[in-house]
Amino acid sequence: MTTIYLIRHGEAEGNAFRRTHGQYDSLLTPNGFRQLPYLEERFKDIHVDACYSSDLTRTSLTARAIYVPKGLKLHRDPAFREIGMGVWEDCTFGYLEQHEPQQMQNFSKNPACWHAEGAETLDQWTGRFIEGLKRVARTHADGTVAVFCHGGILRTTLMRLFFDDDLSQVPYCDNTAVSKLFWDGERFSYEYLNDSSHVPEELSTFARQKWWREEKNINYNMWFRPLESCPEGFPNPEPQWVSFLVMLGREPVGLLSLDKEAGAIAMAYLLPAYRGKALEDQFLGQAVSCIRKWGFSTMKAVRQRMEPQEVLDRYGFIEAGEYWQRNVDPKVYCWD
């Protein structure tokens with residue numbers, strides 16, 4: 001009997017920025033890094049023979065909580081990647097809710113009917129994941145293996161393995177949640193699924209989002225429309241900046257301007273009524289997306305033009321001359 005621990009990665013950019021990060025390579029958030037010592041403590045007295053992860057940065061970073069303290073090698077395997085999202089990669093949830101609401105509903109409730117151009121199908125992504133699990137289980141027969149993976153592919157694989165394709169039966173999977181499975185050479189079984197009891201409530205991604213999960217009829221997913229004209233009462237951006245009107249549904253609630261030459265957030269403005277709810281994290285997500293595409297490994301920000309400024313502190317920006325800055329390049333990490 002092989003024991004397999006399936007572990008979702010720590011809080012990552014897609015989770016906080018409300019963007020569809022399938023096989024788009026992204027980083028853990030500072031809160032995601034803070035979750036890892038609790039995962040390490042959970043496995044402190046659990047013997048593990050081998051450690052695998054998808055070959056994406058957010059899972060590989062999370063795997064350090066186990067493979068480093070236990071002195072193991074990390075096996076990075078694309079079989080355990082998140083769902084390939086095709087043209088949906090790095091889209092905001094808010095944009096997709098506005099422009100593809102039925103497909104968003106399908107993805108959340110009925111993944112067999114979900115389709116996006118260039119994306120994997122349910123059979124394809126669960127098929128490669130399950131075959132990867134079987135291969136690992138055979139390689140480590142009668143041993144114990146940790147496999148670090150992703151929320152979307154994890155919930156649908158568990159649905160397929162144990163719940164007869166009924167997604168509603170799969171327990172919610174918070175970041176760093178753990179499932180304990182067994183492989184007897186023919187079939188999988190489980191002891192528990194998606195347990196995140198090791199994560200303090202103040203660090204739980206799910207708990208930090210309770211304010212919008214519990215309020216009905218609240219719109220919390222932003223999208224970004226290229227600025228054509230500035231609404232009354234909003235600050236006016238410089239014409240050379242790349243500027244976006246920040247939308248909640250069809251309502252403009254903010255403004256984001258980027259300096260393409262400097263790779264910097266030149267200005268960010270959120271209406272006062274929407275501050276204090278971590279919505280400004282999604283501003284940062286749009287900025288990171290653009291600045292990476294423009295070839296920068298470091299993102300800068302002009303602190304004095306950020307309203308509110310607190311998001312820079314939460315995401316670890318460091319003062320550097322006229323700018324505040326942080327790394328946005330997943331390739332700075334190595335796994336040897």
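The sections below set out a description of the structure shown in this document. (Residues numbered from 1 in each chain as written. Predicted model: local features only at pLDDT ≥ 70, side-chain atom pairs only at ≥ 80, totals over all residues. Heavy atoms only, no water.)

1. Quick notes on the overall build of the protein chain
Part 1 of the argument: Across its full length, the protein chain carries 11 helices and 14 strands.
Part 2 of the argument: The C-alpha atoms of the protein chain give a radius of gyration of 21 Å, which matches the 20 Å a tight globule of 336 residues would have.
Part 3 of the argument: For the protein chain, the spread of C-alpha atoms along the principal axes amounts to about 65 × 45 × 35 Å.
Part 4 of the argument: Looking at the protein chain as a whole, 55% of its 336 residues are labelled buried.
Part 5 of the argument: Across the protein chain, contacts joining residues at least 24 apart in sequence account for 67% of those joining residues at least 6 apart. (Helix = DSSP H or I, 4+ residues; strand = E, 2+ residues; numbered from the N terminus. Rg over C-alpha atoms; globule rule 2.2 N^0.38 Å. Buried < 20%, exposed > 50% of the residue type's maximum accessible area, 1.4 Å probe, protein only. Contact = heavy atoms within 4.5 Å.)

2. A look at the packing of aromatic side chains
Part 1 of the argument: One pass over the structure, following the stated rule, counts 14 aromatic pairs.
Part 2 of the argument: Seen in terms of ring centroids, Y5 and F43 are 5.1 Å apart; in terms of plane orientation they differ by 80 degrees. Their pairing is edge-to-face. A residue pair is termed long-range when its members are at least 10 positions apart, and Y5 in strand β1 (residues 2–8) and F43 in the loop between α2 (30–42) and β2 (50–53) qualify at 38 residues. Residue Y5 shares its accessibility class with F43, and that shared class is buried.
Part 3 of the argument: Through pairs of rings, three or more aromatic residues link up here, namely W88, F107, W114 and W125.
Part 4 of the argument: In this structure, R155 packs its charged tip against the face of F107, placed 5.6 Å from the ring centre.
Part 5 of the argument: For the cation-ring pair, R303 lies above W324, with the distance from its terminal atom to the ring centre recorded as 4.4 Å. (Phe/Tyr/Trp six-rings, centres within 6.5 Å; stacked < 30°, edge-to-face > 60°. Lys NZ or Arg CZ within 6 Å of the ring centre and 35° of its normal.)

3. As for the packing of α2 against helix α3 (residues 57–67)
Part 1 of the argument: One way to put it is that α2 packs onto α3 with a least axis distance of 8 Å and a crossing angle of 35 degrees. For the pair α2 and α3, the sense of crossing is right-handed. Here α2 contributes F33, L36, L39 and E40 to the contact with α3, which in turn contributes L61, T62 and A65. (Axes fitted to C-alpha atoms, helices over the stretch in contact; angles between N-to-C directions. Left-handed = near helix turned anticlockwise from the far one by under 90°.)

4. So, the side chain of T20
Part 1 of the argument: Counting through the fold element by element, T20 comes out in the loop between α1 (13–17) and α2.
Part 2 of the argument: From its side chain, T20 meets the backbone oxygen of W88 in a polar contact 2.3 Å long.
Part 3 of the argument: Beyond its immediate stretch of four places on either side in the chain, T20 contacts M85, W88, E89, D90, C91, F93 and L96. (Polar contact = N/O pair within 3.5 Å; in protein donor to acceptor, adjacent residues only side chain to side chain.)

5. Considering the nonpolar core
Part 1 of the argument: Core analysis: the largest hydrophobic core is formed by 40 residues, its most contacted members being L6 and W114.
Part 2 of the argument: Residues contacting W114, with those up to four places away along its chain left out, are I83, G84, M85, W88, Q103, N106, F107, A119, E120 and W125. (Core = buried A, V, L, I, M, F, W, Y, C linked by side-chain atoms within 4.5 Å.)

6. Focus on the pattern of salt bridges
Part 1 of the argument: A complete count under the given rule lists 17 salt bridges for this structure.
Part 2 of the argument: One salt bridge connects D195 with R42, and the closest N-O pair in it is separated by 2.7 Å. Of the two residues, D195 sits in strand β6 (residues 188–195) while R42 sits in helix α2, which places them 153 residues apart along the sequence.
Part 3 of the argument: In this structure, the salt-bridge partner of R314 is E280, at a minimum N-O distance of 3.2 Å. Of this pair, R314 sits in helix α11 (residues 310–314) while E280 is found in helix α10 (residues 280–293), placing the two residues 34 residues apart along the sequence.
Part 4 of the argument: Take R314: its relative accessible area is 25%, and that puts it in the partly exposed class. (Salt bridge = Lys/Arg side-chain N within 4 Å of Asp/Glu carboxyl O.)

7. Some remarks on the side chain of T126
Part 1 of the argument: Along the chain, T126 turns up in helix α6 (residues 122–139).
Part 2 of the argument: Exposure remark for T126: the relative accessible area of 1% places this residue in the buried category.
Part 3 of the argument: Apart from residues lying up to four places away in sequence, T126 is in contact with T156, T157 and R160.

8. Here's the deal with the sheet that holds strand β5 (residues 178–183)
Part 1 of the argument: Overall, mixed pairing links the 6 strands, which are arranged β3-β2-β4-β1-β5-β6 in an open sheet. Strands with a single pairing partner mark the edges of an open sheet, and in this sheet they are β3 (74–76) and β6. Across the sheet, the axes of successive neighbouring strands diverge by a mean angle of 20 degrees, strand direction being ignored.
Part 2 of the argument: Where β5 lies against β6, 5 bridges are found, and the strand directions are antiparallel. The residue bridging V178 from the neighbouring strand is D195, located in β6.
Part 3 of the argument: Along the sheet, α6 makes contact with β1, β2, β4 (144–149), β5 and β6, crossing β1 at roughly 135 degrees. (Pairing = 2+ DSSP bridges.)

9. What about helix α7 (residues 151–162)?
Along an α-helix, residues three or four apart share an orientation, since each turn contains 3.6 residues.
Part 1 of the argument: When the terminal C-alpha atoms of α7 are compared, their 16 Å separation across 12 residues agrees well with the 16 Å that a helix rising 1.5 Å per residue should span.
Part 2 of the argument: For α7, the buried fraction is high: 9 of the 12 residues fall into the buried class.
Part 3 of the argument: Along α7, the residues that are buried comprise G151, G152, I153, L154, T156, T157, L158, M159 and F162.
Part 4 of the argument: Packing partners of the buried residues in α7 comprise β1, α6, β4, β5 and β6.
Part 5 of the argument: Immediately downstream of α7, the backbone of D164 shows phi near 50 degrees, a positive value. (Expected span 1.5 Å × (residues − 1).)

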